[in-house]
Amino acid sequence: KLSKRLQTIAGYVPAGARLADIGSDHALLPVYLAERGRVSFAVAGEINAGPREAAEKQVKEAGLAAVVSVRQGDGLAVIAPNEIDVVTIAGMGGSLISHILEEGKGKLAGVSRLVLQPNVAEDQVRRWLLAGDWVLEDESVLEEDGMFYEVLCAGRRSDSAERNKLLYARKTLDDSLALESEELIRFGPILIDRADEVLFRKWESELEKLDKIMDGMSQGGTEAAFQRRTELMAHRNRIKEVMNCLQ
Ligand code: SAM
């Protein structure tokens, strides 16, 4: 059975899309979608030989070799411009995801949707989207096996004038909560707007992690240690403020 995390990502792939799943590992996502006839074509891209072989095996066993093309290469190097409608990149850090997108910008010609699931540093992905011609169309946060995951779905800015208006409306709402753009980027404008219970739990768990880090730090020590503690404390307080704003 496909994980809740990958199912959430799958839910953002429109029917009939030509999909590229970059860093596909065992190609679970493209195989799941192809088996259900939900993609017309898919590329499973992998940089490493081991996962690429596992993906090939998976695709062959499912009898889907005509629909899912397994390709080895770095990031978006495995696709051609205008070959793909939707790109999914999941299960990596936000900085690697943004790096892959930035390096492969030329290959995004014809791509109308990005579905991205950073394990950490979601803010870096949002920043990359905002800096380019992309707009966040939806965001999800989910919990699975004690871990929290965010899934970001972005469309072309020019395609999304109507949705953009919605985002501006949200921005006004967020202004009234006195949230700054940095916070919107960190917490997610749409996630903040929805203020799901899972979002609270995610940030509660971040607070617990921060507390543990701070407990483990020595009280005295160097100027650098003092500064680090002060930074962590400010970060902690800001999370608390944002959570209070949303309640
Ligand atoms: N996308 C799957 C998921 O979400 O379950 C697999 C995630 S797995 C943790 C990350 C995969 O990305 C690994 O198989 C790794 O080899 C691959 N990877 C890392 N950097 C990559 C890159 N620059 N281009 C393509 N694949 C990459």
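Residues numbered from 1 in each chain as written. Predicted model: local features only at pLDDT ≥ 70, side-chain atom pairs only at ≥ 80, totals over all residues.

With an unreviewed UniProt entry as reference, the protein chain is termed tRNA (Adenine-N(1))-methyltransferase, source organism Paenibacillus hemerocallicola.

Topic: the overall build of the protein chain
Rules: The helix and strand labels rest on DSSP assignments: H or I over at least four residues marks a helix, E over at least two residues marks a strand, and numbering proceeds from the N terminus. Buried, partly exposed and exposed are defined by the number of other C-beta atoms within 10 Å of a residue's own C-beta, namely 20 or more, between the two limits, and 12 or fewer respectively, with C-beta atoms placed from the backbone. Residue pairs qualify as contacts under a 7 Å threshold applied to their C-beta atoms, which are placed from the backbone.
Secondary structure assignment for the protein chain yields ten helices and seven strands. Going through the 247 residues of the protein chain one by one, you find that 35% of them count as buried. For the protein chain, restricting intrachain contacts to residue pairs at least 6 apart in sequence, the fraction spanning at least 24 positions comes to 67%.

Thoughts on the sheet that holds strand E7 (residues 147–156)
Applied cut-off: Criterion used throughout: strands pair if DSSP finds at least two bridges between them. In this analysis an axis means a line fitted to C-alpha atoms, helices contributing only their contacting stretch, and an angle means the value between N-to-C directions, from 0 to 180 degrees.
Read from one edge to the other, the open sheet built from seven strands follows the order E3-E2-E1-E4-E5-E7-E6, with strand pairing classed as mixed. In this open sheet, the two edge strands, each paired with only one partner strand, are strand E3 (68–72) and strand E6 (134–144). On average, each strand axis in the sheet is inclined to that of its neighbour by 15°, with strand direction left out of account. Running at roughly 170° to strand E2 (residues 39–46), helix H2 (residues 28–35) makes contact with strand E1 (17–22), E2, E3 and strand E4 (86–92) of the sheet. Here helix H3 (residues 49–61) sits on the sheet and contacts E2 and E3; the angle it forms with E3, its principal contact strand, is near 165°.

Notes on the pairing of E6
In this structure, E6 lies alongside E7, joined through ten bridges in antiparallel fashion. By the bridge assignment for E7, Glu 139 is matched with Leu 152. Linkage of E6 to E7, two consecutive antiparallel strands, is achieved through a turn of two residues, within which Asp 145 is found at a positive phi near 50°.

A few points about the pairing of strand E5 (residues 113–118)
It is a general feature of regular strands that their side chains alternate between the two faces of the sheet. The criterion, for reference: Here the term right-handed applies to a crossover when the path leading from its first strand over the helix to its second strand runs clockwise, the strands being oriented away from the viewer.
In terms of burial, E5 is largely enclosed, as six of its six residues are buried. Judged by which residues are buried, E5 turns out to be covered on both faces: Arg 113, Val 115 and Gln 117 on one side and Leu 114, Leu 116 and Pro 118 on the other are all buried. Two elements, E4 and E5, share six bridges in a ladder whose sense is parallel. Residue Val 86 lies in a different strand from E5, and its bridge partner there is Arg 113. Where the polypeptide runs from E4 across helix H4 (residues 94–103) and back to E5, its parallel neighbour, the crossover connection is right-handed. When E5 meets E7, the two strands line up antiparallel, connected through four bridges. Note that in E7 the partner of Val 115 across the bridge is Cys 153.

Structural notes on the site of the ligand
This is how it is decided: To decide whether a residue is near a molecule or strand, its C-beta atom is placed from the backbone and checked for lying within 6 Å of it. For this classification, the nonpolar set comprises Ala, Val, Leu, Ile, Met, Phe, Trp, Tyr, Cys and Pro, the charged set comprises Asp, Glu, Lys and Arg, and every other residue, Gly included, is treated as polar.
In the vicinity of the ligand lie 16 residues, with Gly 23, Asp 25, Ile 47, Ala 90 and Gly 91 positioned nearest. Those elements that provide at least two residues to the shell around the ligand are E2 and E4. The greatest single-element share of the shell around the ligand, amounting to three residues, is contributed by E4. Here the residues of the shell around the ligand are counted per class, giving seven nonpolar, six polar and three charged.

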